[in-house]
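Chain residues, written in single-letter form:
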Amino acid sequence: MSAIYMYRMVGASQVKAHEIQTKLIPSVTLLSDLSGQILESKILIKHWTEAAAQNTPQKKKLILLTDSIFPKTKTEIKNASGAWSEISKHSTQDILALAESYFQQVKDIMTDLDSVQKYNDLYLIAKCKADVEEGNALSDLANSTYDNTQILINQQETFLSKTIEDMNTALSAYRIRVVLASLLTLMLILAIAFFLARSIVFPINYVKGILFSMSTGELPAKPVRTSEDEIGQMGVALNDIIAGLRQKADFSLEIGKENFDYRFTPLSNIDALGNSLLQMRDSLARASQEAETRRVENQQRSWSAQGLANFNELIRNHSVSLDDFTTHIISELCDYLDAQLGGFYVVKKEQYKEQFLYLNSFYAYDRHKFVQKKIAYGENLIGQAVLERDTIFITDIPKDYVSIVSGLGENSPSSLLIVPLKLNEEVFGVIELASFKVFKEFEIEFVEKVGEIFASTLANIQIKEQTERLLIESNEKSERLVHQERATKEKIQQLEQSLHESTEQIRDYAKKYNNLENEYKNETNSFDQKLRLANDELENLNLHFDNLQSLMNNTMGVLEVSMNGEISKANNKYLQMTGMTLIDIVGKSVDSFLGYQASKAQDYLDLWQKLRDGEVASLRNTYFFKGKEKVFFETYMPIKNHKNELFKIMISSFDSNKT
């Protein structure tokens, strides 16, 4: 009966081991996959809002994640949760509801930005980028889903540990019953020996002494003496029993210690108890190995997630300038990966658009150091990584390549990792790390993943610096334009003064002509000659005025618009500056070529108010002609009719991009 009970107990342990292997461990794996998908989607949706290009690897991966991977994981979790507790089922339903809401919002953003044209909508881009920033509703929903998933994972792992602990407890009880069954068997043998061989006192006493020792749980250290008679045969059987019990007890003890490599051989192929122990050992070993593998993977995922959070926070605090960004990033990255040497290279364009890598920041053995270094594309391992756009990882490092100086002297590193910082297949920089240890695969994948974030930040910083530089140049051009306009106005005033003086001279000539006609009627020929001279000078003045008007038409664009801003005329210079024709602009409002926000700006509204008051005004405006941006510095001059009423406005325009 005891043997049957023990056999059933071993079978129950096998059932529990099967439950661990087929239900509990896959449950933890599916929940961990869901957590990883949420973290990965946060990075990919941020890339979606920043990259206008279609069909990038990151966008394809996000589409696959939302349309295929997540629905499959959700279905598998629903199927697996059928064997969970009611509390776990409710928690799973809440988590899946949060995840579905989160991925639906992600899909909405993907739909809003599903074409290159939509990236030109600045308001839509700003809204989508704000939605994916940390601290907003979408990010909070992702974090809440991730946290709830981690709580459920911990509950499942706790239940898994308790199940294994229950199996170990049952195994301990099994060992006790093995000993008790052995004692009962020995007592039965003793009784049979007593009744069948009462006359053989000494052999029986000897066997009895051994049985008494075993009854206390002690197994004999030496084999039982045997002989050719029945008592001797009992001794042989007793030795076999003792050896088998000792072997099973040792094996059970080692299994309890999780020593699954302990060697055990059943008594025979039909040894039900021994074979059951082997099957139980194998099941427990597989369950323990899978649990350890899952624990290591979860630890690596947690390490990567924490690293991503740390570097995101670091980027938010240190992305004002390129030097500040690269210095803090390489220092933190070396500390996080336990690397003793690191370099942050940035791609820069030089004359004739040649691109080089510059060592912008450098980290060496817990001290800050900056070394100017310039590397061409294809030069050494750094340049080779840029050309191939792929990670380089080597452990057989040439002795003269790099060395690390520490308190123990100068030594060569054990591994070297070079990762190009790519965004949409464009390389913005390179990270180089050297360490005494060999980088693990998950650490390399982590550096490649944060490298995409670093590349995006580098691109933003470079765009920001370029924008600031262009703004300074634009201000300088505007100042030069103001000076040129002032000089042009002075020239016009001088020409007007010259025209006025010429007019006065004409009047004087006419007056002299009248006087000469009255005084010298007889000198008609002389008067006619002077009159021809006066007419020639008048023609010269007219020609001078025509040249002045031609100069204005060749140096500035001129528009005639009504008081409500409708275009009526434009000179050839203005059409040349805008790339438009008269048919394209006549009859249209000036506001229609401005952006909506610019046409509603206070400066622009104040300008039109001045024009209605009859004042001359100037303003720098940005227009869009056939999709192309033009920046003009313009002077607005109200014109009155013969009734002294304002009826049109003359606009003179200079192209500030060519100034």
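In what follows, the accompanying structure is described. (Residues numbered from 1 in each chain as written. Predicted model: local features only at pLDDT ≥ 70, side-chain atom pairs only at ≥ 80, totals over all residues. Heavy atoms only, no water.)

**Some thoughts on the overall build of the protein chain**
Phase 1: Assigned secondary structure in the protein chain consists of 16 helices and 14 strands.
Phase 2: The buried share of the protein chain, taken over its 659 residues, is 37%.
Phase 3: Considering only contacts in the protein chain between residues 6 or more positions apart, those separated by 24 or more positions represent 58%. (Helix = DSSP H or I, 4+ residues; strand = E, 2+ residues; numbered from the N terminus. Buried < 20%, exposed > 50% of the residue type's maximum accessible area, 1.4 Å probe, protein only. Contact = heavy atoms within 4.5 Å.)

**Focus on the packing of aromatic side chains**
Phase 1: One pass over the structure, following the stated rule, counts 18 aromatic pairs.
Phase 2: Here the aromatic rings of Phe325 and Phe344 are separated by 5.9 Å at their centres, their planes lie at 70 degrees, and the arrangement is edge-to-face. You can see Phe325 sitting in helix H9 (residues 322-337) and its partner Phe344 sitting in strand S1 (residues 341-349), a full 19 residues away along the chain. Like Phe344, Phe325 is buried.
Phase 3: Pairing Tyr336 with Phe446 gives two aromatic rings, centres 5.7 Å apart and planes at 40 degrees, and the pair type is tilted. (Phe/Tyr/Trp six-rings, centres within 6.5 Å; stacked < 30°, edge-to-face > 60°.)

**Regarding the sheet that holds strand S14 (residues 646-655)**
Phase 1: Spatially, S11-S10-S14-S13-S12 is the arrangement adopted by the five strands of the open sheet, whose pairing is antiparallel. In this open sheet, the two edge strands, each paired with only one partner strand, are strand S11 (567-570) and strand S12 (617-625). Here the strands of the sheet are splayed against their neighbours by 30 degrees on average, with no regard to which way each runs.
Phase 2: The sheet contact formed by strand S10 (residues 557-561) and S11 spans three bridges and is antiparallel. Counterpart to Glu560 in the pairing with S11 is Lys569.
Phase 3: Its contacts with the sheet place helix H16 (residues 602-612) against S10, S12, strand S13 (628-640) and S14, and it is angled at close to 125 degrees to S12. (Pairing = 2+ DSSP bridges. Axes fitted to C-alpha atoms, helices over the stretch in contact; angles between N-to-C directions.)

**Focus: the nonpolar core**
Phase 1: Within the largest apolar cluster, 34 residues are counted, with the highest numbers of intra-cluster contacts made by Phe344, Leu433, Phe446 and Phe454.
Phase 2: Put simply, the parts of the chain that give this core at least two residues each are helix H8 (272-317), H9, S1, strand S8 (415-423), strand S9 (426-435) and helix H11 (441-519).
Phase 3: With 10 residues, H11 is the single largest residue contributor to this core.
Phase 4: Apart from residues no more than four positions distant in its own chain, Phe344 is found in contact with Phe325, Thr326, Ile329, Ile330, Tyr358, Leu359, Asn360, Ser361, Leu421, Val430, Ile431 and Leu458.
Phase 5: Among the nonpolar cores identified, the runner-up in size contains 32 residues, and Trp84, Cys128, Leu138 and Leu141 belong to it. (Core = buried A, V, L, I, M, F, W, Y, C linked by side-chain atoms within 4.5 Å.)

**A few points about the pattern of salt bridges**
Phase 1: On inspection of all chains with the given rule, the structure shows 12 salt bridges.
Phase 2: Across the pair Lys107 and Asp67 runs a salt bridge, and its minimum N-O distance is 3.6 Å. In this pair, Lys107 sits in helix H3 (residues 86-112) while Asp67 sits in helix H2 (residues 57-80), placing the two residues 40 residues apart along the sequence. (Salt bridge = Lys/Arg side-chain N within 4 Å of Asp/Glu carboxyl O.)

**As for the pairing of S12**
Phase 1: Alternating positions in S12 separate cleanly, Ala617, Leu619, Asn621, Tyr623 and Phe625 being buried on one face and Ser618, Arg620, Thr622 and Phe624 remaining unburied on the opposite face.
Phase 2: Relative to S13, S12 runs antiparallel, the two being bridged by nine bridges. Within S13, the residue paired with Leu619 across the bridge is Glu634.
Phase 3: Connecting the antiparallel pair S12 and S13 is a turn made up of two residues, with Lys626 showing a positive phi of about 55 degrees.

**Re H3**
Phase 1: Under the 1.5 Å per step criterion, the end-to-end length of H3 is 39 Å for 27 residues, consistent within 8% with the ideal 39 Å.
Phase 2: Here H3 has its buried residues at Ser88, Thr92, Ile95, Leu96, Ala99, Tyr102, Phe103, Val106, Ile109 and Met110. (Expected span 1.5 Å × (residues − 1).)

**Topic: the environment of Ile164**
Phase 1: Here Ile164 lies in helix H5 (residues 137-196).
Phase 2: Since its relative accessible area comes to 22%, Ile164 is described here as partly exposed.
Phase 3: Spatially, the C-alpha atoms of Ile164 and Leu284 are 8.5 Å apart, while their sequence positions differ by 120 residues.

**Some points on the environment of Lys78**
Phase 1: Summarising the element assignment, Lys78 is placed in helix H2.
Phase 2: In this structure Lys78 comes out as partly exposed when scored by relative accessible area, which is 46%.
Phase 3: A C-alpha to C-alpha distance of 8.8 Å links Lys78 and Leu96, two positions 18 residues apart in sequence.
Phase 4: Not counting residues within four places of it along the chain, the set of residues in contact with Lys78 comprises Leu96 and Glu100.

**Describing a negative patch on the surface**
Phase 1: Together, Glu388, Asp390, Glu441, Glu445, Glu448 and Glu452 give the surface a local cluster of negative charge.
Phase 2: Residue contributions to the negative patch peak at four residues, all from H11.
Phase 3: Taking the relative accessible area as the measure of exposure, Glu445 reaches 44% and is therefore partly exposed. (Patch = residues over 30% accessible without salt bridge, like charges linked within 9 Å, V, L, I, M, F, W, Y side chains within 5 Å. Areas by Shrake-Rupley, 256 points an atom, 1.4 Å probe, with all protein chains shown as cover. Lys, Arg positive; Asp, Glu negative; His and termini not counted. Charge placed at Lys NZ, Arg CZ, Asp CG, Glu CD.)

**Here's the deal with the packing of H2 against H3**
Phase 1: The geometry of H2 relative to H3 is characterised by a closest axis approach of 11 Å and an angle of 165 degrees between their N-to-C directions. Overall, the two elements H2 and H3 adopt an arrangement that is roughly antiparallel. For H2 against H3, the interelement crossing comes out left-handed. Across the interface between the two elements, Leu62, Ile63, Leu65, Thr66, Asp67, Phe70, Lys74, Ile77 and Lys78 of H2 pack against Thr92, Leu96, Ala99, Glu100, Phe103, Val106, Lys107 and Met110 of H3.
Phase 2: Class assignment of the residues belonging to the contact of H2 with H3 gives a composition of 10 nonpolar, two polar and five charged. (Parallel < 35°, antiparallel > 145°, perpendicular 65-115°, else oblique. Left-handed = near helix turned anticlockwise from the far one by under 90°. Nonpolar A, V, L, I, M, F, W, Y, C, P; charged D, E, K, R; others polar.)

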